[in-house]
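Listed here are the chains, written in short residue letters.
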Amino acid sequence: MDLVITQDCYEEIVHQNMSDFELSQEEAIKETIEQLKSQGVDLSNIITDMATNNEDLSPELQEALISLKCLVQKHAEPSYITGQLDIIQAECKKGLQYQVYAGKLDTYPLLMEILQNYESDNVVINSCFTTLIKLMDKQPDLLDDVGIQMIIKYLDKSGNQDIMSLVLKWTKVCCIMHEQNRQSIFNAEILGRLKTRLNEANANLLRDILAVLRALVLDDDVRVDFGKAHEHARVIASDTLCAIMRLLEKFKTEELFVMDLLLTISTLLVRTEFCKKVEDAGGLPLVKYAMEQFPANEKIIRYSLKVLKALAGNDECKAHIIQFGFSLTIVECLERNNKNASTATFALACIAALTLRCPENSKAFYDHGAPNAIVDVMKLHRDNEAVQKHSSWAIRNMVSRSRYQNEKFLSLGVEEILKANLKTFPKSEYDTKAALRDLGCDVNFKEEWTGKGGKITTQNNKAK
(Lines give C-alpha, C1' and ligand atoms only; values in the text may rest on other atoms or scores of the structure.)
Protein backbone atom coordinates (compact mmCIF):
# COMPACT_ATOMS: atom_id res chain seq x y z
CA MET A 1 0.00 0.00 0.00
CA ASP A 2 1.28 3.48 -0.90
CA LEU A 3 2.27 5.89 1.85
CA VAL A 4 0.14 9.01 2.24
CA ILE A 5 1.01 12.51 3.45
CA THR A 6 -1.04 15.65 4.03
CA GLN A 7 -0.93 18.83 1.97
CA ASP A 8 0.66 20.71 4.89
CA CYS A 9 3.38 18.06 5.22
CA TYR A 10 4.18 18.29 1.51
CA GLU A 11 4.45 22.07 1.65
CA GLU A 12 6.67 21.87 4.74
CA ILE A 13 9.09 19.55 2.89
CA VAL A 14 9.22 21.93 -0.07
CA HIS A 15 10.04 24.88 2.18
CA GLN A 16 12.64 22.81 4.02
CA ASN A 17 14.33 21.89 0.73
CA MET A 18 14.34 25.55 -0.29
CA SER A 19 15.95 26.52 3.01
CA ASP A 20 18.44 23.67 3.43
CA PHE A 21 19.69 23.47 -0.14
CA GLU A 22 19.11 27.08 -1.24
CA LEU A 23 16.85 25.98 -4.08
CA SER A 24 14.33 28.06 -5.95
CA GLN A 25 10.69 27.18 -5.39
CA GLU A 26 10.49 25.43 -8.77
CA GLU A 27 13.65 23.40 -8.06
CA ALA A 28 12.44 22.52 -4.54
CA ILE A 29 9.09 21.30 -5.87
CA LYS A 30 10.80 19.07 -8.42
CA GLU A 31 13.21 17.70 -5.79
CA THR A 32 10.38 17.06 -3.31
CA ILE A 33 8.24 15.19 -5.83
CA GLU A 34 11.14 12.96 -6.85
CA GLN A 35 12.06 12.36 -3.22
CA LEU A 36 8.55 11.39 -2.14
CA LYS A 37 7.84 9.20 -5.17
CA SER A 38 11.09 7.28 -4.56
CA GLN A 39 9.79 6.58 -1.04
CA GLY A 40 6.50 5.20 -2.38
CA VAL A 41 4.35 8.18 -1.33
CA ASP A 42 1.03 8.62 -3.14
CA LEU A 43 0.73 12.23 -4.35
CA SER A 44 -2.61 11.90 -6.12
CA ASN A 45 -4.38 13.98 -3.46
CA ILE A 46 -1.63 16.61 -3.18
CA ILE A 47 -1.54 19.97 -4.93
CA THR A 48 2.08 20.03 -5.98
CA ASP A 49 1.90 23.53 -7.45
CA MET A 50 2.98 25.87 -4.66
CA ALA A 51 1.06 28.70 -6.28
CA THR A 52 -1.63 27.79 -3.74
CA ASN A 53 0.50 29.59 -1.15
CA ASN A 54 0.77 32.75 -3.23
CA GLU A 55 -1.33 35.54 -1.73
CA ASP A 56 -1.77 37.01 -5.19
CA LEU A 57 -3.17 33.81 -6.69
CA SER A 58 -6.72 35.17 -6.77
CA PRO A 59 -7.34 38.75 -5.64
CA GLU A 60 -10.93 38.38 -6.86
CA LEU A 61 -11.47 35.49 -4.47
CA GLN A 62 -10.00 37.40 -1.54
CA GLU A 63 -12.13 40.46 -2.23
CA ALA A 64 -15.29 38.38 -2.66
CA LEU A 65 -14.75 36.62 0.67
CA ILE A 66 -14.06 39.87 2.51
CA SER A 67 -17.23 41.39 1.05
CA LEU A 68 -19.25 38.27 1.77
CA LYS A 69 -18.21 38.20 5.44
CA CYS A 70 -19.35 41.79 5.85
CA LEU A 71 -22.63 41.13 4.05
CA VAL A 72 -23.41 38.08 6.19
CA GLN A 73 -22.69 40.00 9.40
CA LYS A 74 -25.08 42.74 8.29
CA HIS A 75 -27.61 40.13 7.08
CA ALA A 76 -27.65 41.90 3.72
CA GLU A 77 -30.12 41.45 0.90
CA PRO A 78 -30.00 37.99 -0.77
CA SER A 79 -29.00 39.43 -4.16
CA TYR A 80 -25.78 40.82 -2.69
CA ILE A 81 -24.97 37.44 -1.12
CA THR A 82 -25.54 35.49 -4.34
CA GLY A 83 -23.46 37.97 -6.30
CA GLN A 84 -20.38 37.24 -4.17
CA LEU A 85 -21.10 33.51 -4.22
CA ASP A 86 -21.09 33.62 -8.02
CA ILE A 87 -17.58 35.09 -7.94
CA ILE A 88 -16.35 32.36 -5.57
CA GLN A 89 -17.84 29.67 -7.82
CA ALA A 90 -16.15 31.14 -10.86
CA GLU A 91 -12.77 31.20 -9.10
CA CYS A 92 -13.12 27.61 -7.85
CA LYS A 93 -13.94 26.46 -11.38
CA LYS A 94 -10.47 27.61 -12.50
CA GLY A 95 -8.82 24.56 -10.93
CA LEU A 96 -8.05 22.57 -7.83
CA GLN A 97 -5.37 24.96 -6.61
CA TYR A 98 -8.01 27.72 -6.48
CA GLN A 99 -10.32 25.45 -4.51
CA VAL A 100 -7.54 24.65 -2.05
CA TYR A 101 -6.73 28.34 -1.72
CA ALA A 102 -10.41 29.13 -1.08
CA GLY A 103 -10.46 26.44 1.59
CA LYS A 104 -7.47 28.03 3.32
CA LEU A 105 -9.31 31.37 3.35
CA ASP A 106 -12.07 29.81 5.51
CA THR A 107 -14.69 29.76 2.77
CA TYR A 108 -16.28 26.61 4.15
CA PRO A 109 -17.29 27.89 7.63
CA LEU A 110 -18.63 31.05 6.01
CA LEU A 111 -20.87 28.95 3.75
CA MET A 112 -22.11 27.02 6.79
CA GLU A 113 -23.05 30.33 8.39
CA ILE A 114 -24.99 31.36 5.29
CA LEU A 115 -26.91 28.07 5.28
CA GLN A 116 -27.86 28.74 8.89
CA ASN A 117 -28.81 32.41 8.53
CA TYR A 118 -30.58 32.37 5.14
CA GLU A 119 -32.42 29.05 5.34
CA SER A 120 -35.74 30.65 4.38
CA ASP A 121 -34.36 32.04 1.09
CA ASN A 122 -34.24 29.32 -1.56
CA VAL A 123 -32.21 31.40 -4.01
CA VAL A 124 -29.39 31.94 -1.51
CA ILE A 125 -29.49 28.33 -0.32
CA ASN A 126 -29.35 27.10 -3.92
CA SER A 127 -26.32 29.29 -4.64
CA CYS A 128 -24.64 28.26 -1.37
CA PHE A 129 -24.88 24.53 -2.08
CA THR A 130 -23.66 25.10 -5.63
CA THR A 131 -20.63 26.89 -4.17
CA LEU A 132 -19.99 24.04 -1.74
CA ILE A 133 -19.93 21.56 -4.62
CA LYS A 134 -17.43 23.69 -6.56
CA LEU A 135 -15.30 24.23 -3.45
CA MET A 136 -15.16 20.64 -2.18
CA ASP A 137 -14.94 18.62 -5.36
CA LYS A 138 -11.70 16.61 -4.89
CA GLN A 139 -11.09 18.16 -1.45
CA PRO A 140 -13.72 16.57 0.83
CA ASP A 141 -11.54 17.02 3.94
CA LEU A 142 -13.32 20.31 4.64
CA LEU A 143 -16.49 18.53 5.79
CA ASP A 144 -17.09 18.61 9.54
CA ASP A 145 -19.92 17.78 11.96
CA VAL A 146 -21.68 21.04 11.14
CA GLY A 147 -21.71 20.11 7.46
CA ILE A 148 -23.14 16.67 8.18
CA GLN A 149 -25.88 18.29 10.26
CA MET A 150 -26.65 20.56 7.30
CA ILE A 151 -26.97 17.57 4.98
CA ILE A 152 -29.47 15.90 7.28
CA LYS A 153 -31.30 19.16 8.01
CA TYR A 154 -31.90 20.01 4.37
CA LEU A 155 -32.80 16.44 3.43
CA ASP A 156 -35.49 16.61 6.12
CA LYS A 157 -36.84 20.10 5.47
CA SER A 158 -36.51 20.88 1.81
CA GLY A 159 -39.52 20.52 -0.42
CA ASN A 160 -37.65 22.23 -3.22
CA GLN A 161 -36.49 19.65 -5.76
CA ASP A 162 -33.60 21.81 -7.04
CA ILE A 163 -32.17 22.30 -3.55
CA MET A 164 -32.65 18.63 -2.74
CA SER A 165 -30.71 17.71 -5.87
CA LEU A 166 -27.85 20.02 -4.88
CA VAL A 167 -27.74 18.61 -1.33
CA LEU A 168 -27.42 15.12 -2.77
CA LYS A 169 -24.72 16.19 -5.24
CA TRP A 170 -22.77 17.81 -2.40
CA THR A 171 -23.17 14.67 -0.29
CA LYS A 172 -21.72 12.59 -3.10
CA VAL A 173 -18.73 14.96 -3.43
CA CYS A 174 -18.10 14.63 0.32
CA CYS A 175 -18.07 10.82 0.09
CA ILE A 176 -15.65 10.39 -2.81
CA MET A 177 -12.12 9.46 -1.70
CA HIS A 178 -12.94 10.02 1.99
CA GLU A 179 -13.75 6.99 4.15
CA GLN A 180 -14.35 8.92 7.38
CA ASN A 181 -16.88 11.20 5.68
CA ARG A 182 -18.72 8.17 4.34
CA GLN A 183 -18.92 6.58 7.76
CA SER A 184 -19.97 9.80 9.47
CA ILE A 185 -22.69 10.51 6.90
CA PHE A 186 -23.90 6.92 7.02
CA ASN A 187 -23.96 6.98 10.84
CA ALA A 188 -26.05 10.16 10.71
CA GLU A 189 -28.86 7.86 9.46
CA ILE A 190 -28.97 9.21 5.94
CA LEU A 191 -30.15 5.86 4.57
CA GLY A 192 -33.63 6.18 6.06
CA ARG A 193 -34.02 9.58 4.45
CA LEU A 194 -32.77 8.36 1.08
CA LYS A 195 -35.06 5.34 1.22
CA THR A 196 -38.08 7.58 1.82
CA ARG A 197 -37.09 9.86 -1.06
CA LEU A 198 -36.42 6.85 -3.30
CA ASN A 199 -40.08 5.92 -3.30
CA GLU A 200 -41.35 9.43 -4.04
CA ALA A 201 -38.61 11.13 -6.07
CA ASN A 202 -39.07 12.37 -9.58
CA ALA A 203 -36.88 10.88 -12.28
CA ASN A 204 -34.11 13.49 -12.09
CA LEU A 205 -33.86 13.39 -8.29
CA LEU A 206 -33.79 9.61 -8.44
CA ARG A 207 -30.44 9.68 -10.27
CA ASP A 208 -28.91 11.84 -7.53
CA ILE A 209 -30.18 9.48 -4.80
CA LEU A 210 -28.70 6.47 -6.58
CA ALA A 211 -25.39 8.30 -6.97
CA VAL A 212 -25.22 8.88 -3.20
CA LEU A 213 -26.04 5.23 -2.48
CA ARG A 214 -23.14 4.18 -4.72
CA ALA A 215 -20.81 6.76 -3.18
CA LEU A 216 -21.52 5.38 0.31
CA VAL A 217 -20.14 1.96 -0.71
CA LEU A 218 -16.92 3.20 -2.35
CA ASP A 219 -13.57 1.91 -1.15
CA ASP A 220 -11.26 4.51 -2.69
CA ASP A 221 -9.52 6.22 0.24
CA VAL A 222 -5.84 5.22 0.16
CA ARG A 223 -5.34 6.69 3.62
CA VAL A 224 -7.19 3.86 5.40
CA ASP A 225 -6.34 0.16 5.47
CA PHE A 226 -9.91 -1.07 5.98
CA GLY A 227 -13.16 0.71 5.28
CA LYS A 228 -16.81 -0.18 5.77
CA ALA A 229 -17.81 -0.43 2.11
CA HIS A 230 -19.08 -4.01 2.46
CA GLU A 231 -21.01 -3.26 5.63
CA HIS A 232 -22.61 -0.18 4.06
CA ALA A 233 -23.51 -2.17 0.94
CA ARG A 234 -25.07 -4.94 3.05
CA VAL A 235 -27.30 -2.53 4.98
CA ILE A 236 -28.25 -0.48 1.90
CA ALA A 237 -29.09 -3.60 -0.12
CA SER A 238 -31.24 -5.01 2.71
CA ASP A 239 -33.27 -1.78 2.88
CA THR A 240 -33.46 -0.63 -0.74
CA LEU A 241 -32.84 -3.46 -3.21
CA CYS A 242 -36.49 -4.39 -3.63
CA ALA A 243 -37.45 -0.74 -4.18
CA ILE A 244 -34.66 -0.35 -6.76
CA MET A 245 -35.89 -3.42 -8.63
CA ARG A 246 -39.38 -1.92 -8.78
CA LEU A 247 -37.86 1.25 -10.20
CA LEU A 248 -36.03 -0.77 -12.85
CA GLU A 249 -39.37 -2.19 -13.96
CA LYS A 250 -40.93 1.28 -13.91
CA PHE A 251 -38.16 2.98 -15.93
CA LYS A 252 -37.09 0.04 -18.11
CA THR A 253 -37.66 1.99 -21.34
CA GLU A 254 -35.74 5.09 -20.22
CA GLU A 255 -32.07 4.76 -21.12
CA LEU A 256 -30.43 7.03 -18.52
CA PHE A 257 -32.32 5.58 -15.58
CA VAL A 258 -31.78 1.99 -16.66
CA MET A 259 -28.04 2.73 -16.74
CA ASP A 260 -28.00 4.18 -13.21
CA LEU A 261 -30.24 1.48 -11.78
CA LEU A 262 -28.16 -1.38 -13.22
CA LEU A 263 -24.94 0.15 -11.93
CA THR A 264 -26.46 0.57 -8.46
CA ILE A 265 -27.77 -3.00 -8.38
CA SER A 266 -24.39 -4.42 -9.38
CA THR A 267 -22.72 -2.35 -6.64
CA LEU A 268 -25.04 -3.70 -3.94
CA LEU A 269 -24.84 -7.42 -4.80
CA VAL A 270 -22.29 -8.24 -2.11
CA ARG A 271 -23.99 -11.32 -0.62
CA THR A 272 -25.53 -14.43 -2.11
CA GLU A 273 -28.98 -13.83 -0.56
CA PHE A 274 -29.18 -10.50 -2.39
CA CYS A 275 -28.65 -12.32 -5.69
CA LYS A 276 -31.71 -14.45 -4.99
CA LYS A 277 -33.67 -11.36 -4.01
CA VAL A 278 -32.88 -9.73 -7.37
CA GLU A 279 -33.84 -12.87 -9.29
CA ASP A 280 -37.10 -13.25 -7.35
CA ALA A 281 -37.93 -9.62 -8.19
CA GLY A 282 -37.74 -10.41 -11.92
CA GLY A 283 -34.13 -9.34 -12.36
CA LEU A 284 -33.22 -11.73 -15.18
CA PRO A 285 -35.92 -10.68 -17.67
CA LEU A 286 -35.29 -7.02 -16.83
CA VAL A 287 -31.54 -7.33 -17.48
CA LYS A 288 -32.16 -9.18 -20.72
CA TYR A 289 -34.69 -6.56 -21.80
CA ALA A 290 -32.13 -3.83 -21.13
CA MET A 291 -29.45 -5.58 -23.20
CA GLU A 292 -31.85 -6.11 -26.09
CA GLN A 293 -33.50 -2.67 -25.87
CA PHE A 294 -30.22 -0.70 -25.75
CA PRO A 295 -27.61 -2.80 -27.62
CA ALA A 296 -25.67 0.29 -28.75
CA ASN A 297 -25.32 1.74 -25.23
CA GLU A 298 -21.95 0.38 -24.08
CA LYS A 299 -22.50 1.43 -20.47
CA ILE A 300 -25.82 -0.40 -20.21
CA ILE A 301 -24.23 -3.49 -21.75
CA ARG A 302 -21.27 -3.35 -19.32
CA TYR A 303 -23.47 -2.76 -16.28
CA SER A 304 -25.80 -5.59 -17.34
CA LEU A 305 -22.82 -7.93 -17.63
CA LYS A 306 -21.62 -6.74 -14.23
CA VAL A 307 -25.01 -7.60 -12.72
CA LEU A 308 -24.94 -11.07 -14.31
CA LYS A 309 -21.42 -11.70 -13.04
CA ALA A 310 -22.49 -10.72 -9.52
CA LEU A 311 -25.61 -12.92 -9.72
CA ALA A 312 -23.36 -15.84 -10.69
CA GLY A 313 -22.08 -15.78 -7.12
CA ASN A 314 -25.27 -17.66 -6.22
CA ASP A 315 -25.20 -21.20 -7.67
CA GLU A 316 -28.96 -21.31 -8.16
CA CYS A 317 -28.96 -17.99 -9.99
CA LYS A 318 -25.98 -19.13 -12.06
CA ALA A 319 -27.98 -22.08 -13.39
CA HIS A 320 -31.08 -19.96 -14.03
CA ILE A 321 -29.08 -17.35 -15.98
CA ILE A 322 -28.12 -19.99 -18.55
CA GLN A 323 -31.59 -21.53 -18.57
CA PHE A 324 -32.93 -18.07 -19.38
CA GLY A 325 -30.84 -18.01 -22.56
CA PHE A 326 -28.08 -15.63 -21.51
CA SER A 327 -25.28 -17.76 -22.94
CA LEU A 328 -26.27 -16.79 -26.48
CA THR A 329 -26.89 -13.17 -25.43
CA ILE A 330 -23.43 -12.86 -23.86
CA VAL A 331 -21.63 -14.49 -26.80
CA GLU A 332 -23.44 -12.19 -29.24
CA CYS A 333 -22.54 -9.24 -27.03
CA LEU A 334 -18.87 -10.29 -27.07
CA GLU A 335 -18.92 -10.64 -30.86
CA ARG A 336 -20.69 -7.33 -31.38
CA ASN A 337 -18.36 -5.41 -29.04
CA ASN A 338 -15.11 -7.27 -29.68
CA LYS A 339 -13.32 -4.09 -30.76
CA ASN A 340 -14.14 -2.39 -27.46
CA ALA A 341 -11.61 -3.74 -24.94
CA SER A 342 -13.54 -2.59 -21.86
CA THR A 343 -16.87 -4.15 -22.87
CA ALA A 344 -15.12 -7.29 -24.08
CA THR A 345 -13.39 -7.64 -20.70
CA PHE A 346 -16.74 -7.47 -18.90
CA ALA A 347 -18.16 -10.15 -21.21
CA LEU A 348 -15.14 -12.42 -20.68
CA ALA A 349 -15.37 -11.97 -16.91
CA CYS A 350 -19.05 -12.90 -17.10
CA ILE A 351 -18.30 -16.07 -19.06
CA ALA A 352 -15.59 -17.00 -16.57
CA ALA A 353 -17.95 -16.53 -13.60
CA LEU A 354 -20.83 -18.44 -15.16
CA THR A 355 -18.70 -21.43 -16.23
CA LEU A 356 -16.72 -21.80 -13.00
CA ARG A 357 -17.12 -25.43 -11.83
CA CYS A 358 -20.24 -25.73 -14.00
CA PRO A 359 -19.86 -28.00 -17.08
CA GLU A 360 -23.52 -27.57 -18.05
CA ASN A 361 -23.05 -23.83 -18.42
CA SER A 362 -19.76 -24.39 -20.22
CA LYS A 363 -21.52 -26.58 -22.76
CA ALA A 364 -24.14 -23.89 -23.38
CA PHE A 365 -21.45 -21.32 -24.14
CA TYR A 366 -19.54 -23.81 -26.28
CA ASP A 367 -22.65 -24.62 -28.32
CA HIS A 368 -23.24 -20.91 -28.97
CA GLY A 369 -19.75 -20.30 -30.33
CA ALA A 370 -17.91 -18.91 -27.31
CA PRO A 371 -14.50 -20.38 -28.33
CA ASN A 372 -14.46 -18.45 -31.62
CA ALA A 373 -15.63 -15.25 -29.93
CA ILE A 374 -13.02 -15.52 -27.16
CA VAL A 375 -10.10 -16.22 -29.48
CA ASP A 376 -11.15 -13.49 -31.90
CA VAL A 377 -11.06 -10.97 -29.04
CA MET A 378 -7.63 -12.21 -27.97
CA LYS A 379 -6.31 -11.69 -31.49
CA LEU A 380 -7.78 -8.19 -31.70
CA HIS A 381 -6.28 -7.05 -28.37
CA ARG A 382 -2.88 -8.72 -28.22
CA ASP A 383 -1.43 -5.83 -26.18
CA ASN A 384 -4.26 -5.50 -23.65
CA GLU A 385 -3.43 -7.38 -20.45
CA ALA A 386 -6.96 -7.19 -19.01
CA VAL A 387 -8.45 -8.79 -22.14
CA GLN A 388 -5.80 -11.52 -22.24
CA LYS A 389 -6.07 -12.26 -18.52
CA HIS A 390 -9.87 -12.53 -18.52
CA SER A 391 -9.72 -14.62 -21.68
CA SER A 392 -7.41 -17.02 -19.84
CA TRP A 393 -9.92 -17.26 -17.01
CA ALA A 394 -12.81 -17.88 -19.40
CA ILE A 395 -10.90 -20.59 -21.29
CA ARG A 396 -9.69 -22.30 -18.11
CA ASN A 397 -13.19 -22.40 -16.58
CA MET A 398 -14.80 -23.60 -19.79
CA VAL A 399 -12.42 -26.51 -20.42
CA SER A 400 -11.43 -27.56 -16.88
CA ARG A 401 -14.38 -29.95 -16.57
CA SER A 402 -15.18 -30.19 -20.28
CA ARG A 403 -11.95 -31.37 -21.91
CA TYR A 404 -13.74 -32.22 -25.15
CA GLN A 405 -13.60 -28.47 -25.86
CA ASN A 406 -9.78 -28.42 -25.93
CA GLU A 407 -9.54 -29.46 -29.54
CA LYS A 408 -11.73 -26.58 -30.68
CA PHE A 409 -9.75 -23.95 -28.77
CA LEU A 410 -6.41 -25.36 -29.95
CA SER A 411 -7.56 -25.45 -33.57
CA LEU A 412 -8.18 -21.71 -33.33
CA GLY A 413 -4.55 -21.05 -32.42
CA VAL A 414 -5.06 -20.17 -28.76
CA GLU A 415 -1.91 -22.01 -27.59
CA GLU A 416 0.34 -19.69 -29.57
CA ILE A 417 -1.39 -16.61 -28.17
CA LEU A 418 -1.18 -17.85 -24.58
CA LYS A 419 2.50 -18.74 -24.85
CA ALA A 420 3.24 -15.31 -26.29
CA ASN A 421 1.37 -13.82 -23.30
CA LEU A 422 3.81 -15.52 -20.92
CA LYS A 423 6.51 -13.17 -22.20
CA THR A 424 4.33 -10.12 -22.77
CA PHE A 425 2.44 -10.17 -19.45
CA PRO A 426 4.63 -11.71 -16.73
CA LYS A 427 2.27 -10.48 -13.99
CA SER A 428 -0.48 -12.72 -15.36
CA GLU A 429 1.81 -15.72 -15.71
CA TYR A 430 -0.13 -18.00 -13.36
CA ASP A 431 -3.47 -17.30 -15.06
CA THR A 432 -1.97 -17.93 -18.50
CA LYS A 433 -0.30 -21.16 -17.40
CA ALA A 434 -3.54 -22.37 -15.77
CA ALA A 435 -5.33 -22.01 -19.11
CA LEU A 436 -2.49 -23.81 -20.94
CA ARG A 437 -2.48 -26.59 -18.37
CA ASP A 438 -6.22 -27.24 -18.67
CA LEU A 439 -5.95 -27.15 -22.47
CA GLY A 440 -3.47 -30.02 -22.17
CA CYS A 441 -0.46 -28.01 -23.33
CA ASP A 442 3.07 -28.42 -22.00
CA VAL A 443 3.70 -25.89 -19.26
CA ASN A 444 6.06 -25.60 -16.30
CA PHE A 445 4.74 -24.15 -13.06
CA LYS A 446 7.06 -22.54 -10.55
CA GLU A 447 7.03 -24.20 -7.17
CA GLU A 448 6.44 -21.19 -4.94
CA TRP A 449 7.41 -22.90 -1.67
CA THR A 450 9.08 -26.13 -0.76
CA GLY A 451 9.69 -27.61 2.67
CA LYS A 452 12.87 -29.33 3.76
CA GLY A 453 11.12 -32.63 4.26
CA GLY A 454 12.01 -35.13 6.94
CA LYS A 455 10.20 -36.33 10.01
CA ILE A 456 8.93 -33.76 12.49
CA THR A 457 10.23 -34.51 15.95
CA THR A 458 8.44 -33.17 19.00
CA GLN A 459 9.27 -33.25 22.66
CA ASN A 460 6.51 -35.86 23.19
CA ASN A 461 8.01 -38.11 20.51
CA LYS A 462 11.41 -37.80 22.12
CA ALA A 463 9.93 -38.73 25.47
CA LYS A 464 8.43 -41.85 23.99
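Whatever comes next refers back to the structure up there.
Overview of the structure. Worth saying up front: this structure is predicted, and the values here are computed from it rather than measured. (Residues numbered from 1 in each chain as written. Predicted model: local features only at pLDDT ≥ 70, side-chain atom pairs only at ≥ 80, totals over all residues. Heavy atoms only, no water.)

Some thoughts on the layout of surface pockets
There is about 200 Å³ of room inside the second largest pocket. What lines the second largest pocket is simply Ser 266, Thr 267, Leu 269, Val 270, Lys 306, Lys 309, Ala 310, Thr 345, Phe 346, Ala 349 and His 390. Of all the elements in the fold, those that place two or more residues in the lining of the second largest pocket are helix 14 (255-268), helix 17 (298-311) and helix 20 (341-355). Residues that form the lining of the second largest pocket fall into these classes: 5 nonpolar, 4 polar and 2 charged. (1 Å grid on protein atoms, 1.4 Å probe; cavity = no way out; pocket = protein on both sides within 12 Å on 5 of 7 lines; lining within 4 Å. Points joined across faces, edges and corners; volume = space filled by probe spheres on them. Helix = DSSP H or I, 4+ residues; strand = E, 2+ residues; numbered from the N terminus. Nonpolar A, V, L, I, M, F, W, Y, C, P; charged D, E, K, R; others polar.)

Focus: the packing of helix 19 (residues 326-336) against helix 22 (residues 370-380)
Running from N to C, helix 19 and helix 22 point in directions that differ by 30°, and their axes come no closer than 9 Å. Considering the angle they form, helix 19 stands roughly parallel to helix 22. Remark: the crossing between helix 19 and helix 22 carries left-handed chirality. Residue-level inspection shows Val 331, Leu 334 and Glu 335 of helix 19 in contact with helix 22, the latter providing Ala 370, Ala 373, Ile 374 and Val 377. (Axes fitted to C-alpha atoms, helices over the stretch in contact; angles between N-to-C directions. Parallel < 35°, antiparallel > 145°, perpendicular 65-115°, else oblique. Left-handed = near helix turned anticlockwise from the far one by under 90°. Contact = heavy atoms within 4.5 Å.)

Description of helix 9 (residues 161-175)
An α-helical turn contains 3.6 residues, so a residue and the one three or four places further along point in the same direction. An ideal rise of 1.5 Å per residue puts 21 Å on 15 residues; helix 9 measures up with 21 Å between its terminal C-alpha atoms. Listed as buried for helix 9 are Ile 163, Met 164, Ser 165, Leu 166, Val 167, Leu 168, Trp 170, Thr 171, Val 173, Cys 174 and Cys 175. In this structure, the buried residues of helix 9 make contact with helix 6 (107-117), helix 7 (122-136), helix 8 (145-157), helix 10 (179-187), helix 11 (190-200) and helix 12 (203-215). The opening residue of helix 9, the one whose side-chain oxygen lies 2.9 Å from the backbone nitrogen of Asp 162, is Asn 160. In the segment just after helix 9, Met 177 is the residue with positive phi, at about 60°. (Expected span 1.5 Å × (residues − 1). Buried < 20%, exposed > 50% of the residue type's maximum accessible area, 1.4 Å probe, protein only. Polar contact = N/O pair within 3.5 Å; in protein donor to acceptor, adjacent residues only side chain to side chain.)

Comments concerning unusual backbone geometry
Of note in the backbone geometry, Met 177 takes a positive phi value of approximately 60° without being a glycine. By relative accessible area, which is 30% here, Met 177 ends up partly exposed. Although it is not a glycine, Arg 357 sits at a positive phi angle of roughly 50°. Along the chain, Arg 357 turns up in the loop between helix 20 and helix 21 (359-367). For Arg 357, a relative accessible area of 56% gives the class exposed.

Let's talk about the pattern of salt bridges
Taken as a whole and assessed by the stated rule, the structure comprises 22 salt bridges. A salt bridge links Asp 221 to Arg 223, with the shortest nitrogen-to-oxygen separation between them at 3.0 Å. Its relative accessible area of 7% is what places Asp 221 among the buried residues. With a shortest N-O distance of 3.0 Å, Asp 438 and Arg 437 are connected by a salt bridge. Judged by relative accessible area, Asp 438 falls into the buried class, the value being 6%. For Arg 437, a relative accessible area of 36% gives the class partly exposed. (Salt bridge = Lys/Arg side-chain N within 4 Å of Asp/Glu carboxyl O.)

Side note on the environment of Tyr 118
Along the chain, Tyr 118 falls in the loop between helix 6 and helix 7. Along the chain, Tyr 118 and His 75 lie 43 residues apart, while their C-alpha atoms are 8.5 Å from each other. Every residue in contact with Tyr 118, bar those within four places of it in the chain, is listed here: Leu 71, Val 72, His 75, Ala 76, Ile 81, Val 124 and Ile 125. Looking at Tyr 118, its side chain comes within polar contact range of the main-chain oxygen of Ala 76, at 2.9 Å.

Notes on the packing of aromatic side chains
Under the counting rule described, the total for this entry stands at 5 aromatic pairs. Measuring from ring centre to ring centre gives 5.2 Å for Phe 129 and Tyr 154, while their planes differ by 85°; the resulting arrangement is edge-to-face. Of the two residues, Phe 129 sits in helix 7 while Tyr 154 sits in helix 8, which places them 25 residues apart along the sequence. Ring centres of Phe 251 and Phe 257 lie 5.2 Å apart, and the angle between their planes is 45°; this geometry places the pair in the tilted category. Judged by relative accessible area, Phe 251 falls into the buried class, the value being 7%. A residue is classified by how much of its surface remains accessible, and Phe 257, at 9% relative accessible area, is buried. In textbook terms, an aromatic cluster arises when at least three aromatic residues are bridged by ring pairs, as seen for Phe 129, Tyr 154 and Trp 170. (Phe/Tyr/Trp six-rings, centres within 6.5 Å; stacked < 30°, edge-to-face > 60°.)

Observations regarding helix 2 (residues 25-38)
Along its 14 residues, helix 2 runs 20 Å from first to last C-alpha, staying within 8% of the 20 Å computed at 1.5 Å per residue. Looking at helix 2, one finds that the buried residues are Ala 28, Ile 29, Thr 32, Ile 33 and Leu 36. Buried residues along helix 2 cover an arc of 135° about the axis, so they all sit on one side. Exposed side chains of helix 2 directed beyond 90 degrees from the buried face belong to Glu 26, Lys 30, Lys 37 and Ser 38. Taken together, the buried residues of helix 2 touch helix 1 (7-21) and strand 2 (41-42). Phi for Gly 40, located one or two positions after helix 2, is positive at around 80°. (Arc of directions from axis to C-beta.)

Focus on the environment of Leu 110
Tracing the backbone through its elements, the reader meets Leu 110 in helix 6. The buried category is assigned to Leu 110, whose relative accessible area is 6%. Residues Leu 110 and His 368 lie 258 residues apart in sequence; the distance between their C-alpha atoms is 63 Å. Setting aside anything within four residues of it in sequence, one finds Leu 110 in contact with Leu 65, Leu 68, Lys 69 and Val 72.

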